[in-house]
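Analysis of the macromolecular model
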Amino acid sequence: MSSDPIKVLIVEDNQPDFRLISEYLKESVVSSFGIMHADTIAGALKIIEKKKPDVSLLDLDLPDSRGLATLTAVVNADPQLAIVVVTGLDDERLGIEALQKGAQDYLVKGRIQSDALIRSMRYSIERKRLQYLLANRAEELRTLLDSVPAMVFYKDKENRLIRTNKAFEDTMELPKEGLEGKSLSEIFPKDRAEMFWRDDLEVIKSGEAKRGIIELMETPRGMRLLQTDKIPCLDEKGEVSGVIGFSIDITSRKQAEMKHSVILKTAAQGFWLIDMKDKLLEVNDAYCRMSGYSKEELLKVHVQDLVAKERRKDVFNHIKLVQERGQDQFESRHRRKDGTFFDVDIRANYLNIENGRVVVFVWDITERKKVEEALHESQERFKVLTEAMPQVVWSAEASGKMDYLNHRAYEYEGMQSDGLMDWHWKSVVHPDDFAETTAAWRHSLKTGEAYMVEHRLRRADGQFRWHLTRGVPIRNSKGRIVRWIGTATDIHDRKLAEEVLKRDKDTFEKLIKERTEELLAAQLELERAKHLADIGTLAAIVAHELRNPLAAISMAVTNVKRKAKNPLINGNIYNIEKKIFESDQIINNLLLYSRIGLPQYEDINIYDIVQDCVNISKNRFKKKVAINNKLNAIKGIIIEADPLQVREVCGNILNNAYDAVSEKSGKIEIGASVDGEFITIVFRDNGVGIGKEDLEKVFEPFFTTKAKGTGLGLAVCHQIAKVHGGKIHVESKAGKGTAVTVRLPVRKTKRATGDGDPAS
């Protein structure tokens, strides 16, 4: 802590407020204060003049002064004095105005705390000290710049003059206010301002200084020749914020050095100095080499003697323009001493000396013209070639922006030729192909790899057609991509052909596979037929050998049953008859399966046959099974079929159903329907069912899940349905019952009459 107390001037006419503020200051343990007091502005000014306080706590309303006038009086009395306004008015607008007019802080009575007051005083003293130092240094810097004979200026990135020195102001004969804050176009002619700005932009964009710029500047005293250095000005972030320029007037020096200038002798471009009557006053060696004339020969002629005949009338027009505008730039054609011609680029500036002079720089652009012509011819050839191509041809900038489409593209898209700028992928690429298209294009732009994608492009009529779009990068000598050239080729027909070929290939392979399977099945069928033929032969022998004893047994049982009236014997006789029936059924199935032939068609009442089979099964099995008959749909329907074979199908299915169901809760449901040219009969039971692994084998001969039986029943049914042009289908789950569906063609549908005969 400093041993010197802070000198505080309290300007306050209210004694209670003065005492309160004094007490706040005495409470400080950080700083010590020397307190002075004045209750009028007049008293305050005397203390400021004699005792030089460090800070003033100022009330704005005093007996001899009120408002901001009080603040102004104190500020003017000592520019270095820190001022904290302490007032009873809580007015934000007044506070802002006080800060703008020189106060360092603004406090409201009744809201002041001791610590806040002391902190405000200390900060205000430090801010005032820094402001004073900065103001002094800024003034010192301005004084230094104003003492420099060169013109010094600072321009921002908006081409506005922010700072100028006295030399600049004197040269332009304008006050500082007439220059600072103004754009160059408000001070100089537009073309001259733009020329100056081009150099400024180069410095701003590159961040590098540009020195020794020779330029002409119009002033009230005429055109002046300047040599200018321009350097980038960096802000606190190290970024270029503008340009600082130093310009030296070299007009007089250049006039003295004009005839013997080293610059002109060594310059690559030609140089003239001419008067207002187009007489050559000075030329350099470069122009002598261009034209083939000696310097002595050139100084004897006029400009009109050097230009091509068709350009001579323009010479004085250009001289007049240079005099009016200060400068001019154009292309012309000059004649060499040997009679040949060469193209030149002319840049002329007017000097307001010796009744007017024109400084002319001449560039030989013959080679450039040849290159331009060759480039133009190349572009024309490219255009003719691309316009003749049947494909869409396109080009794009290195960034990927499309800049050319040939006529085919506009014709295909249905766009006008001026629609190029609005062209974009999304307007023509199929939505399903858009993501792939843009991803491939971004990848090529990023990596420089060739671009290739197949996608669908919208035609003018709205149809999308397949195209193969390719693009290759064009690189400069440094390997940098400068352009993309590409084509879009219609491959729609090829894609369709590929799809047809693929489809035909798949179809051909499928046919081969199906034919192979058919041949294998035929081979198996032949082998099976041979096997069945052998079985048929054996079955005939077995049937013959078994049926004779079965017939004798059956006759004997009938005689015993007729003569014996004993119930015990009747039970045994029933069992014998049952076994005879089962044996006979086995023999019938075996013979039927081995000898199934073409049906012997008759008109049959299908309803009656199903009912007969139901009754036979009931009588045979003697089980208490619930039969649910839903055959009304086929009642009276006459179909053409083999009655014996149809009975065999229905009987076998019902026998299987009776075997499968239990005697206590067995249920069999028979349903039927007519569907166009077919009838469908469904036999459904709640029996033991068939497992999934066995279900696929149910139509195989000799396969059975029963403890007894040949396994020929469903195989016989399947064969009979097949030879009738129908089919049979089994659905079953173990423990859930079985449903057997028989579907037979009607062939000829007839309604039975009341007595059962077919209707005529």
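Everything quoted here is computed from the prediction, not taken from an experiment. (Residues numbered from 1 in each chain as written. Predicted model: local features only at pLDDT ≥ 70, side-chain atom pairs only at ≥ 80, totals over all residues. Heavy atoms only, no water.)

1. Comments concerning the overall build of the protein
For the protein, the helix and strand inventory stands at 21 helices and 28 strands. Looking at the protein as a whole, 39% of its 760 residues qualify as buried. Counting contacts in the protein only where the partners sit at least 6 residues apart, residues at least 24 apart contribute 55% of the total. (Helix = DSSP H or I, 4+ residues; strand = E, 2+ residues; numbered from the N terminus. Buried < 20%, exposed > 50% of the residue type's maximum accessible area, 1.4 Å probe, protein only. Contact = heavy atoms within 4.5 Å.)

2. Focus: the sheet that holds strand β24 (residues 667-675)
For sheets, the rule is that strands pair by backbone hydrogen bonds, running either parallel or antiparallel. Strand order in the open sheet formed by five strands is β22-β24-β25-β27-β26, with mixed pairing between adjacent strands. Unpaired on one side and paired on the other, β22 (626-630) and β26 (727-733) mark the two borders of the sheet. The mean angle between the axes of side-by-side strands here comes to 10°, regardless of whether they run parallel or antiparallel. (Pairing = 2+ DSSP bridges. Axes fitted to C-alpha atoms, helices over the stretch in contact; angles between N-to-C directions.)

3. Examining the pairing of strand β1 (residues 6-11)
Burial analysis of β1 places five of its six residues in the buried class, the great majority of the element. Bridge analysis of β1 against strand β2 (residues 33-38) gives six bridges, and the strand direction is parallel. When the sheet's bridge partners are listed, Leu9 is paired in β2 with Met36. As paired elements, β1 and strand β3 (residues 55-58) share four bridges and run parallel to each other. The partner of Val8 across the bridge, within β3, is Val55.

4. Observations concerning the side chain of Glu215
Along the polypeptide, Glu215 turns up in strand β8 (residues 210-219). The charged side chain of Glu215 is buried without a salt bridge, its nearest counter-charge being Lys230 at 4.4 Å. Polar side-chain contacts of Glu215 include one of 2.8 Å to the side chain of Thr228. Excluding residues within four positions of it along the chain, Glu215 makes contact with Phe196, Asp199, Arg224, Leu225, Leu226, Thr228, Lys230 and Ser247. (Lys, Arg positive; Asp, Glu negative; His and termini not counted. Salt bridge = Lys/Arg side-chain N within 4 Å of Asp/Glu carboxyl O. Polar contact = N/O pair within 3.5 Å; in protein donor to acceptor, adjacent residues only side chain to side chain.)

5. Remarks on the pairing of strand β5 (residues 105-108)
Where strand β4 (residues 82-87) and β5 come together, four bridges link them in parallel fashion. The residue bridging Val86 from the neighbouring strand is Leu107, located in β5.

6. Observations concerning the packing of aromatic side chains
All chains considered together, the criterion is met by eight aromatic pairs. On the basis of an interplanar angle of 85° and a centroid distance of 5.6 Å, the ring pair of Trp394 and Trp441 is categorised as edge-to-face. With Trp394 in strand β16 (residues 392-397) and Trp441 in helix α15 (residues 431-447), this residue pair connects regions lying 47 residues apart in the sequence. Since its relative accessible area comes to 4%, Trp394 is described here as buried. With 5.3 Å between their ring centres and 70° between their planes, Trp441 and Trp484 make a pair best called edge-to-face. In this pair, Trp441 is assigned in helix α15 and Trp484 in strand β20 (residues 481-490), connecting sequence segments 43 residues apart. (Phe/Tyr/Trp six-rings, centres within 6.5 Å; stacked < 30°, edge-to-face > 60°.)

7. Points about the packing of helix α18 (residues 606-621) against helix α19 (residues 643-660)
At their nearest, the axes of α18 and α19 sit 9 Å apart, and the two run at 40° to each other. With respect to each other, α18 and α19 are oriented oblique. Considering how the two elements wind past one another, α18 and α19 form a crossing that is right-handed. Between α18 and α19, the residues in contact are Ile606, Ile609, Val610, Asp612, Cys613, Val614, Ser617, Lys618, Arg620 and Phe621 and Pro643, Val646, Arg647, Cys650, Gly651, Leu654, Asn655, Tyr658 and Asp659, respectively. Considering only residue class, the contact of α18 with α19 consists of 11 nonpolar, three polar and five charged. (Parallel < 35°, antiparallel > 145°, perpendicular 65-115°, else oblique. Left-handed = near helix turned anticlockwise from the far one by under 90°. Nonpolar A, V, L, I, M, F, W, Y, C, P; charged D, E, K, R; others polar.)

8. Digging into the nonpolar core
Ranked by size, the top nonpolar core spans 41 residues in total, and within it Ile606 and Ile670 carry the most contacts. Those residues within four positions of Ile670 in sequence are excluded, and the remaining contacts are Val610, Val614, Asn628, Asn629, Lys630, Leu631, Leu654, Ile681, Val682 and Phe683. Counting 24 residues, the second-largest nonpolar core is a separate cluster that includes Met276, Val283, Tyr293 and Val358. (Core = buried A, V, L, I, M, F, W, Y, C linked by side-chain atoms within 4.5 Å.)

9. Thoughts on the environment of Thr437
The residue Thr437 is located in helix α15 in this model. Here the alpha-carbon distance between Thr437 and Val453, two residues 16 residues apart in the chain, equals 6.6 Å. At a separation of 2.8 Å, a polar atom in the side chain of Thr437 contacts the main-chain carbonyl oxygen of Asp433.

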